[in-house]
Amino acid sequence: MSTSPIYLSVLSDDFGMCQAVNEGIVQAFTEGVLTDTNLMAPCPAFDEAVQMAKTHQIPVGIHNTFTAEWDNLRWSPITPLKSMIQADGTFHTTVADAWEKADMAEAEREFKAQFEKIESAGLKITHSCEHMGADQKLASLFSRVLREKKVPYRNFTLNGDKYDIPHFQWASYFVSSMVGFDLETRKTALKQWIESLGPGHHIWAAHCAVDHPSLEAMVVPNSPIIEWTRLYRVLDQSLILDPEVRGWIEARGIRLAPMSECLTVGW
């Protein structure tokens, strides 16, 4: 039997999006197995998230944000980004629409401004990743700017090797938010994954939030993405706080570690 160590980073996206998400991430970090989060610089609860991160010493990456998917919770670019916004001045709701007519010089200014907003707030950025996925046009920005910033890419919807992006080299990746519509289904899949882990660094990605009606208020009734407002986030919150889940991790001798400890390649 191998004695090589197994490391696990537990990451929650969307820090700064709204109060319920912010509170969920803090609770998941202070009471559960969460190790990291990603901060969205253009979002309305950014300032609150910054203070929470400082108070609780939560490691933060940057969740590069070029879309705003909700009907009733909208946000705009930090810079005068005219080519990637709707008529009301907010970001488009889909990745395809966001990048269809993107001016790449404008996109790069916005990309760097989001970095600078987080850094100017006094936080160290541990990694970078995209909100809602990435068009291939974003790959060139990741490749160039992350090299400048000396910040690795999470290596998620883009292939870091293919696009020459400095990135984390993880052994496996599990997104609990994409598994099932009920807690037991999601918990069973998580247990199977934890039990399968071999030596190396693994990443569990989630979307945490406290259970609050304000989440569903982000969209109109019968929205096709309504499950992403409350249901998926509350299920992930339950898993990360579950003592049984912590027990599975500890029983295997898995070490919870921040993402900054993951090997990076491609420099």
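Draft legend 1. The pairing of strand S3 (residues 60-64), seen in detail. Of all 5 residues making up S3, 5 are buried, and the element is well covered by its neighbours. Here strand S2 (residues 36-39) runs beside S3; their pairing, made up of 3 bridges, is parallel. Its bridge partner being in S3, threonine 37 is matched across the sheet by valine 60. At this point the chain moves from S2, through helix H2 (residues 46-56), to the parallel S3, and the crossover so formed is right-handed. Two elements, S3 and strand S4 (residues 125-130), share 4 bridges in a ladder whose sense is parallel. The residue of S4 that forms the bridge with histidine 63 is cysteine 129.

Draft legend 2. Broad picture of unusual backbone geometry. Non-glycine residue lysine 150 carries a positive phi angle of around 60°. Positionally, lysine 150 belongs in the loop between helix H5 (136-149) and strand S5 (167-168). Within the chain, asparagine 155 stands out as a residue other than glycine whose phi angle is a positive 65°. By the element assignment, asparagine 155 lies in the loop between H5 and S5. Judged by relative accessible area, which is 14%, asparagine 155 ranks as buried.

Draft legend 3. Expanded view of empty space enclosed by the protein. Per the counting criterion, the structure on display carries 1 cavity of 30 Å³ or more. Roughly 50 Å³ of internal volume is contained in the largest cavity. Along its surface, the largest cavity is lined by Asn64, Thr65, Phe66, Thr67, Val95, Trp99, Glu130, His131, Gly133, Ala134 and Leu138. A class-by-class count of the residues in the lining of the largest cavity yields 5 nonpolar, 5 polar and 1 charged.

Draft legend 4. The packing of aromatic side chains, seen in detail. All told, the structure shown has 11 aromatic pairs when counted by the stated rule. Grouping aromatic residues by their ring pairs yields a cluster made of Phe66, Phe91, Trp99, Phe111, Phe115, Phe142 and Tyr153. Between the NZ or CZ atom of lysine 117 and the centre of the ring of phenylalanine 46, over which it lies, the distance is 4.6 Å. A cation over a ring is seen here: arginine 154 above phenylalanine 156, with NZ or CZ 4.5 Å from the ring centre.

Draft legend 5. A look at the layout of surface pockets. If you add up the space inside the largest pocket, you get close to 330 Å³. Considering the residues around the largest pocket, the lining is formed by 19 residues, among which Asp13, His131, Met132, His207 and Trp228 are closest to the centre. Looking at the lining of the largest pocket residue by residue, the classes come out as 8 nonpolar, 5 polar and 6 charged.

So, how was this worked out
- Residues numbered from 1 in each chain as written.
- Predicted model: local features only at pLDDT ≥ 70, side-chain atom pairs only at ≥ 80, totals over all residues.
- Heavy atoms only, no water.
- Buried < 20%, exposed > 50% of the residue type's maximum accessible area, 1.4 Å probe, protein only.
- Helix = DSSP H or I, 4+ residues; strand = E, 2+ residues; numbered from the N terminus.
- Pairing = 2+ DSSP bridges.
- Right-handed = clockwise from strand over helix to strand, strands pointing away.
- 1 Å grid on protein atoms, 1.4 Å probe; cavity = no way out; pocket = protein on both sides within 12 Å on 5 of 7 lines; lining within 4 Å.
- Points joined across faces, edges and corners; volume = space filled by probe spheres on them.
- Nonpolar A, V, L, I, M, F, W, Y, C, P; charged D, E, K, R; others polar.
- Phe/Tyr/Trp six-rings, centres within 6.5 Å; stacked < 30°, edge-to-face > 60°.
- Lys NZ or Arg CZ within 6 Å of the ring centre and 35° of its normal.

Everything listed here is a matter of geometry and, on its own, says nothing about what the molecule does.
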